[in-house]
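For reference, the chains in residue letters:
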Amino acid sequence: MDYSQFLNMHDELSLLAVIVILFLADLFICGDRKSGVPAKSLSVLPVVLIAIQTVYVLLAPKTGTTTFGGMYQLTPMMSIVKGILNVGTLIVFLMAHEWMKRPENKIKQGEFYLLTLCTLLGMYFMISAGHFLMFFIGLELASVPMTALVAYTKKNQESAEASAKYILTALFSSALLLYGISLLYGTCGTLYFDDMAVHLDTSNLVQLMALVFFISGLGFKISLVPFHLWTADTYQGAPTPVTAYLSVISKGSAAFVLFIVLIKVFAPFIDNWNQIFFWIIIISITLANIFAIRQNNMKRFMAFSAISQAGYVVMGVMGGTAEGMTAIVYYIFVYLVANLGIFVIMNIIEQRSGKINISDYDALYDTNPKLAFIMTLCLFSLAGIPPFAGFFSKFFMFMAAFKAGFHLLVFIALVNTVISLYYYLLIVKAMYIKKNDSPVLSFRSDAYTRIGLVLCTIGVVFAGILSGVYQYLDTFAYGLLP
Amino acid sequence: MNFLSLFVLIPLLMMLGLWLSKGTKGIRAVMVVGSSALLALAIALTVKFLTDRAGGNTAEMLYTAAFDWFSPLHIQYSVGVDGISVAMLLLSGVIVFTGTFVSWEMPKEYFLWFTLLSMGVFGFFISVDMFMMFMFYEIALIPMYLLIGVWGTGPKEYAAMKLTLMLMGASAFLMCGIFGIFYGAGGQTMNIMDIANHVNGAHLIALGQQYIWFPITFVGFGVLGALFPFHTWSPDGHSSAPTAVSMLHAGVLMKLGGYGCFRIAIFLMPQAANELSWIFLILAGTGVVYGALSACVQTDLKYLNAYSSVSHCGMVLFAILMLTTTASTGAVIQMLSHGLMTALFFAIIGMIYHRTGTRDIRQLNGLMRIIPFLGVGFAIAGLANLGLPGLSGFVAEMTIFVGSFQNADTFHRVLTILATTSIVVAAVYILRMIGKILYGVNVNPEHAKIHDAHWEERLAIIVLIFCIAGIGLAPSWISHMIEGSVGPMMQHIGHFTSQCNPFL
């Protein structure tokens, strides 16, 4: 066997190296031997390591390779998506720092970083899979540690409940997915993506069922309606940094993988999945928007906002075009910085004042103007207001779907952006216009939070108007048609 | 770098300056310097444009420049101006300049959003690329929410939300329309002139597609241009907005609607415009008469002016749909004239409200004796509004109605005659209001104590009156400038009609 093949998996290997170093550091670097509280350096190490690794993944030469007989496939776009997920993880680590300083979390902080990185590794493998088993292992590696993360504050009942809900739905969706895969195996006799295409036949109803099961299984991960029921409860119960991770990184990777598998494996069924997603997108966006209006808990609110954003992300699969792929990746990136920006602010406010309801944000501008301002930028970006990045990503997403011929879908989605603008403006209104007797007190955020916010703000402001990001992504995009 | 880009760059620098400045003086200094620079730039542009045109430069767009922006999607940063946009830029320059002085007491955040709003407006008028135009359109909309919501009066939260959502809903239509035009014309260029001239990969948009995208685009822009029945955001929004924001919004932002309808909807899809214009003519004509009649029964000064704006902006849409050169020229002059006089109106209403604490016509009496300067300004704004010869309103309305009547079709002529009734109604509500609040006998002792305009208010009022009277007394140069650009456009879409402009 040619061991040099492993070098093709340089992204995964570098992440694995980070995990191993962190694991050893967690074992041996000890601050206070009696209580078992780790040294201070342990909270800096993960941030530094993941930052280095992010730079490595983003700068590594972008080449396409196929290794292990097609089990592992890598295209430049996949590598870029991994880099984007890494950026998100970095921001999550930065925001988690404040939370980790709490006495009840200090002793188990190593676990947080390790589990998070394990799920990230799972997503890496899922993205680069060329075989359904590999894909499934990656998916499970991404889901199972996530359950532990959701239950991280296990003494908090809501966290435990959220975790139970998450694991049950994750198992159920995995079962659906596996059933779909088994149907495919039964009809094709192989699970290699590349070999399956010749065995697929649009008149074969069993294979059509497999497609439906596959979409349902991933639909749970992306939390599209009608597979979204776990989302709000899990988001609310999980610790805020974990919710942030769940809402952006887990979702973004699943959406990208969905596109990859659809164009690679299910290409003959394009008319079918176009039809399925046409309805799923409309229902997801509309329903989530209507529910979001009524929320008062910030995390539940973000959960419904995330469901509706998922609908927009998935619009890129319509037609399976190269423009669609660029639009998806670009959208994921822009959504990631804006959404994480909001979560960083939510987290720091929750850590400092324990407040998490929208009504607690009333008059935030009077006490913490900078936070309120950045929050406004991020909300505007999510709502698609220029000159922030969200406007560009929405525009290009709609453009791709419009080009693929889905005019009605684009129109309905556009009308929905107006509804979403309404509820995002509700928060802006709370922060700027409303009065509050007991506002969040004025405070100074820690350095980690501030670095995270700076990263998010740079992304929100410049990822759009500087066209370089989009053009860079466009050079690596590919779709069904050559 | 093209010098037109300064219109976007200066507001950007102003925002940076505002962000860094400390204290009221610093903020005022930044705003005064910045808005004067913008006004000076607009005047310099007008002079340069007129000299270049006189020198024989007949290109459709002058001072064009284009840089690839999102090249995979054929989106460019592309600027250029013709007579229409020069007129609009001049208007925006004047309104932003005077708006700065009217909102003299306001805090830093207010000016930040105000400047962002003006950046959107200036950017819109220099754009030649549809994407860019749309982007600036949305940039101009969103600051309105905070400007009205935070610094407004009355039911401000409701008004701000209603205005923002209705205009954003319109932009949903607009985005669809832009996609339709882009892909309908071949999907190779977003440049308006290229699509119109069928060059750079653009071809004629098929008639079937024009029938779909023309109404969508027209409604998208029409909402901002207060097209009946989508005008309902305007009275609520204007009456709740702070003074300078009402000025900027009614004075400039509503013009984005008329400008876009003409430049994108009609110019790029002339066949559909020709076939479908009757629907929108009926709507716009209804708006003209309905707005005027509604203004008659208002008791709030700002509502009165807002409904009068609906009527006048309806006239803009009405005129461009007549598809004659003179009427379209009149429409642009009307945009200019309405922008100036409504800004003056809102400015003085705001000043009166600031002093007396009420805008209710029933409670205001005999102000002319107490605040003569504001009273005279108010009377001039009112007379311009009802179209007194010598002021800008007369020039605009005369050109519009002469041009509209030139369309020989019976249907169009009947509609024109019906729309002219709005002039009579305008006289009713304006004269009634002026007689009541300026000349009655003051009964409220509180109102007797108020003081007349400060220097910064006087400056704003004088500049606006100067412009209104300037257009009214010397209409030919501006008519000529606009006609020089409208003519080729009408020729382009096959509706060039002989000249019958009374002011040329």
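In this numbering scheme, every chain counts its residues from 1 along its sequence in written order. Chains and ligands are labelled sequentially in the order written, the chains with letters from A and the ligands with numbers from 1. For a predicted model such as this one, the threshold for reporting local features is a pLDDT of at least 70, and the threshold for listing and counting side-chain atom pairs is 80 or more; totals across whole chains, interfaces and linings nevertheless cover every residue. Working from all heavy atoms in the structure, the side-chain values ignore hydrogens and water.

**Student:** How would you summarise the overall build of chain B if you had to cite specific residues and measurements?
**Tutor:** If you tally the helices and strands in chain B, you get 19 helices and two strands. Taking 23 Å as the expected radius of gyration for a compact globule of 504 residues, we find that chain B reaches 21 Å, a close match to that expectation. Considering only C-alpha atoms, chain B reaches an extent of 70 × 55 × 45 Å along its principal axes. In chain B, of all internal contacts separated by at least 6 residues, the share reaching a separation of at least 24 is 80%. Using a 1.4 Å probe, accessible areas were evaluated by the Shrake-Rupley method; residue-level cover was limited to the displayed protein chains. Put simply, chain B shows about 15600 Å² of open surface, and 68% of that area lies on carbon and sulfur atoms. Only four residue types enter the charge count, namely Lys and Arg as positive and Asp and Glu as negative; His and the chain termini do not. Where a charge lies is defined by one atom per residue type, namely NZ (Lys), CZ (Arg), CG (Asp) and CD (Glu). Charge-centre separation for chain B: the mean point of 20 positive side chains lies 12 Å from the mean point of 21 negative side chains. Here a helix means four or more residues in a row that DSSP labels H or I, a strand means two or more in a row labelled E, and each is numbered from the N terminus. With C-alpha atoms as the basis for the radius of gyration, the globule rule is written as 2.2 Å multiplied by the number of residues raised to the power 0.38. Contact definition: two residues touch when any of their heavy atoms are within 4.5 Å.

**Student:** So what's going on with the pattern of salt bridges? Which residues, and what values?
**Tutor:** Salt-bridge detection follows one rule: a side-chain nitrogen of Lys or Arg within 4 Å of a carboxyl oxygen of Asp or Glu. With the rule as written, the count across this model stands at 17 salt bridges over all chains. As a salt-bridge pair, Lys165(A) and Glu161(A) come within 2.8 Å of each other at their nearest N and O atoms. Of the two residues, Lys165(A) and Glu161(A) both sit in helix 7 (residues 157-188), four residues apart, roughly one turn of that helix. Classification of residues uses two cut-offs on accessible area relative to the type maximum, computed with a 1.4 Å probe and protein chains only: under 20% is buried, over 50% is exposed, and between them is partly exposed. The exposure class assigned to Lys165(A) is partly exposed, which follows from its relative accessible area of 29%. On the basis of relative accessible area, Glu161(A) is assigned to the partly exposed category, the value being 41%. Ionic pairing is found between Lys48(B) and Asp52(B), a salt bridge with its closest N-O pair at 3.9 Å. One end of the pair, Lys48(B), and the other, Asp52(B), are both in helix 2 (residues 23-54), four residues apart, so they sit about a helical turn from each other. On the accessibility criterion, Asp52(B) (24% relative accessible area) is partly exposed.

**Student:** Could you give an account of the interface of chain B and chain A, naming the residues involved and the relevant values?
**Tutor:** Every contact between the two is made by 34 residues of chain B and, on the other side, 34 residues of chain A. What counts as buried area is the accessible surface, traced by a 1.4 Å probe, that two parts surrender upon association, with contributions from both included. Taken together, the two surfaces of chain B and chain A that pack against each other cover about 3400 Å², and 85% of this comes from carbon and sulfur. There are one salt bridge connecting chain B and chain A. In this structure, the salt-bridge partner of Lys429(A) is Glu157(B), at a minimum N-O distance of 3.5 Å. Counted as a polar contact is a pair of N or O atoms within 3.5 Å, where, for protein atoms, one must be capable of donating a hydrogen and the other of accepting one, and residues adjacent in sequence contribute only when both atoms are in side chains. Across the contact surface, chain B and chain A share six residue pairs in polar contact (both at pLDDT 80 or more). For the side of chain B that touches chain A, the secondary structure elements donating two or more residues are strand 1 (62-70), helix 4 (108-126), helix 5 (130-151) and helix 6 (156-184) of chain B. Broken down by element, the residue count for the side of chain B that touches chain A peaks at 14 residues, all from helix 6 of chain B. Tallied by class, residues from the side of chain B that touches chain A come to 26 nonpolar, five polar and three charged. Residues are grouped as follows: Ala, Val, Leu, Ile, Met, Phe, Trp, Tyr, Cys and Pro are nonpolar; Asp, Glu, Lys and Arg are charged; all remaining types, including Gly, are polar.

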